[in-house]
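Remarks on the overall topology
Each chain, letter by letter, is given below.
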Amino acid sequence: MAKVVSTAHSFSDARIATILEEFNREGWVHLPCVLTPDEVAELLAGIERVRCDPTAKSMHHTDSNWSFVRLFERERIFRDMIVREPMISLGEALLGPNCHLIADGAVYNPPGIAITSWHVDDGLYFPLPDNIPRHDPSVTIPNLIVNFQMMLTDVPAVEYGPTQVVARSHYAGHVPNSQENPTFDGQGPVSIPCKAGDLYLQHSQLWHRGAPNTSDRRRCLYQFSYGDRRIAQRFYPFLNYRVPDHVLEDADERMLRLLGKHPKGAYG
């Protein structure tokens, strides 16, 4: 398949500053029309090829037929997407110039299947005792992991299984307070309806879930997560993982850093 060539550019400094202010306050931001239709088509086709590949499970790229990981190993478009603008510049603005890739993958869930439990990712990073209701809103909650989520199918209404969030709940310091109707600061769940090609950013400590997919078609969400340098990468099998040689071919220094190349430093 011919490589899709993107002409994407970074956002202006002013727009990045506005996005960061909203993200740090709300814990999420929706940015429409970031991917081109050609990119959406190629990414979706690549995910479908993984889904239909009988070796995907033995290569540890999936444990099901609807959730996939380490897509940057599979096809060049997935690898190149981790340095695509405006995602990479936003990631560096949110997490610093030494940020790297934590994980990438996709959820391609059919009707009746979704990650519907309310949760924060990877456990609670900034826990508070029960008698303290929340973190001080005048203090910015650190961004340790930010999820960049790109919708590859239209999700116009709740029956198609949009991501749902409770705004500002990354300030809670507690796990979601209900599985039926979680609330924080008087706000309940909000759905994120999207068109294919939309991007939304999500703080890893924000309360969120995938709404039940009660439609008659699959929902496809492609995502990768950038992390602060202090956060370990999550490439299975962890202890003995080595980035495949083909992934490193013609990679520039920015991409090499995202894949784990860092200078010696503290604890190094």
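In what follows, the structure referred to is the one given above.
In short, a report on the structure. Values in this document were obtained by computation on a predicted structure and should not be read as measured data.

The next point concerns the overall build of the protein. Looking only at helices and strands, one finds six helices and nine strands in the protein. Here the C-alpha atoms of the protein give a radius of gyration of 18 Å, agreeing with the 18 Å that 2.2 N^0.38 yields for 268 residues. Projected onto the principal axes, the alpha-carbon positions of the protein cover approximately 55 × 50 × 40 Å. Sorting the 268 residues of the protein into buried and exposed places 50% on the buried side. Residue pairs at least 24 apart in sequence account for 85% of intrachain contacts in the protein once pairs closer than 6 positions are excluded. A total of about 12800 Å² of accessible surface is found on the protein, and carbon and sulfur atoms cover 55% of it.

Turning our attention to the pattern of salt bridges. Throughout the structure, instances matching the rule amount to 20 salt bridges. Measuring nitrogen to oxygen at the nearest pair gives 2.7 Å for the salt bridge that ties Arg-168 to Glu-26. One end of the pair, Arg-168, is in the loop between strand 5 (163–165) and strand 6 (190–191); the other, Glu-26, is in helix 1 (residues 13–26), with 142 residues separating them in the sequence. Take Arg-168: its relative accessible area is 30%, and that puts it in the partly exposed class.

With that out of the way, let us pick up helix 4 (residues 87–95). Summarising burial for helix 4: eight of the nine residues are buried, a large majority. Taken together, the buried positions of helix 4 are occupied by Met-87, Ile-88, Ser-89, Leu-90, Gly-91, Glu-92, Leu-94 and Leu-95. Phi turns positive one or two residues past the end of helix 4, at Gly-96, with a value near 100 degrees.

To continue, consider empty space enclosed by the protein. By rolling a water-sized probe across the atoms, one finds the places where empty space is left. If you walk through the whole model with that rule in mind, you get one cavity of 30 Å³ or more. Here the lining of the largest cavity is built from residues that sort into five nonpolar, five polar and no charged.

This brings us to unusual backbone geometry. Going from Glu-85 to Pro-86, the amide bond is cis rather than trans, its omega being 5 degrees. By the element assignment, Pro-86 lies in the loop between helix 3 (76–81) and helix 4. In this structure, the amide linkage connecting Tyr-236 to the following residue, Pro-237, adopts the cis form with an omega of 10 degrees. Mapped onto the elements of the fold, Pro-237 is located in the loop between strand 9 (219–227) and helix 5 (245–248). A positive phi angle is found at Cys-33, which is not glycine, with a value near 55 degrees. We note that His-60 has phi near 60 degrees; this positive angle belongs to a residue other than glycine. Relative to the elements of secondary structure, His-60 occurs in the loop between helix 2 (37–52) and strand 2 (67–69).

Conventions and cut-offs
Residues numbered from 1 in each chain as written. Predicted model: local features only at pLDDT ≥ 70, side-chain atom pairs only at ≥ 80, totals over all residues. Heavy atoms only, no water. Helix = DSSP H or I, 4+ residues; strand = E, 2+ residues; numbered from the N terminus. Rg over C-alpha atoms; globule rule 2.2 N^0.38 Å. Buried < 20%, exposed > 50% of the residue type's maximum accessible area, 1.4 Å probe, protein only. Contact = heavy atoms within 4.5 Å. Areas by Shrake-Rupley, 256 points an atom, 1.4 Å probe, with all protein chains shown as cover. Salt bridge = Lys/Arg side-chain N within 4 Å of Asp/Glu carboxyl O. 1 Å grid on protein atoms, 1.4 Å probe; cavity = no way out; pocket = protein on both sides within 12 Å on 5 of 7 lines; lining within 4 Å. Points joined across faces, edges and corners; volume = space filled by probe spheres on them. Nonpolar A, V, L, I, M, F, W, Y, C, P; charged D, E, K, R; others polar.

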